Amino acid sequence: MLAKTIAYARQRGRVGKEVDFSLTTTPRLLKPDIIEFLAENRVGVTISIDGPKEVQDKFRVFHNGTGSYDTVARRSRNC
């Protein structure tokens, strides 16, 4: 959906004007192909994290019950 929205906004944008894009997400959703797409399309990314490891792992767990902090921290460095 994001790719279609960006293409549509650029197509409909005024001549001589540039449209900026940004989003807020959890880094656990940012896989290499998505990071590359965001970089190529100059999309600003704000990363959402609940706090230090013990807080993040308490409130943001994967379906299997494990905490998400380590994944979030690792993927944040790739942005």
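Residues numbered from 1 in each chain as written. Predicted model: local features only at pLDDT ≥ 70, side-chain atom pairs only at ≥ 80, totals over all residues. Heavy atoms only, no water.

(A) Quick look at the nonpolar core. Core analysis: the biggest nonpolar cluster contains seven residues, these being I6, A9, F21, L30, I35, L38 and V43. Secondary structure elements with two or more residues in this core: helix 1 (2-12) and helix 2 (32-40). (Core = buried A, V, L, I, M, F, W, Y, C linked by side-chain atoms within 4.5 Å. Buried < 20%, exposed > 50% of the residue type's maximum accessible area, 1.4 Å probe, protein only. Helix = DSSP H or I, 4+ residues; strand = E, 2+ residues; numbered from the N terminus.)

(B) Fine view of helix 4 (residues 69-77). Three or more residues of helix 4 are buried, namely T71, V72, A73 and R75. Buried positions along helix 4 lie against helix 3 (53-59). (Contact = heavy atoms within 4.5 Å.)

(C) View of the environment of E18. The residue E18 is located in the loop between helix 1 and strand 1 (21-25) in this model. Within the local environment of E18, its side chain forms a polar contact with the side chain of R42, the two groups lying 2.8 Å apart. (Polar contact = N/O pair within 3.5 Å; in protein donor to acceptor, adjacent residues only side chain to side chain.)

(D) How the structure looks around the environment of A7. Here A7 shows up in helix 1. Its relative accessible area of 47% is what places A7 among the partly exposed residues. Sequence separation between A7 and N41 is 34 residues; the distance between their C-alpha atoms is 9.7 Å.

(E) Here's a closer look at the side chain of T25. Tracing the backbone shows T25 in strand 1. Judged by relative accessible area, T25 falls into the buried class, the value being 13%. Here T25 is in contact with L30, V45, T46, I47 and S48, once residues within four sequence places are set aside.

(F) Up close: the environment of P52. Within the secondary structure, P52 sits in the loop between strand 2 (43-47) and helix 3. Taking C-alpha positions, P52 is 41 Å from G13, a pair spaced 39 residues apart along the chain.

(G) Summary view of the side chain of N41. Within the secondary structure, N41 sits in the loop between helix 2 and strand 2. N41 gets classed as buried once you look at its relative accessible area, which sits at 14%. Those residues in contact with N41 that lie beyond four places of it in its chain are I6, R10 and F21.

(H) Highlighting the pattern of salt bridges. Under the definition given, this model contains four salt bridges. Between R60 and D50 there is a salt bridge whose closest N-O contact spans 2.8 Å. Taken together, the positions of R60 in the loop between helix 3 and helix 4 and D50 in the loop between strand 2 and helix 3 put the pair 10 residues apart, joining distant regions of the chain. Where D70 meets K53, a salt bridge forms, and the shortest distance between an N and an O atom there is 3.2 Å. Here the residue D70 occupies a position in helix 4, and K53 occupies one in helix 3, the gap between them amounting to 17 residues. A network of salt bridges, in which partner residues are shared, links K53, D57 and D70. (Salt bridge = Lys/Arg side-chain N within 4 Å of Asp/Glu carboxyl O.)

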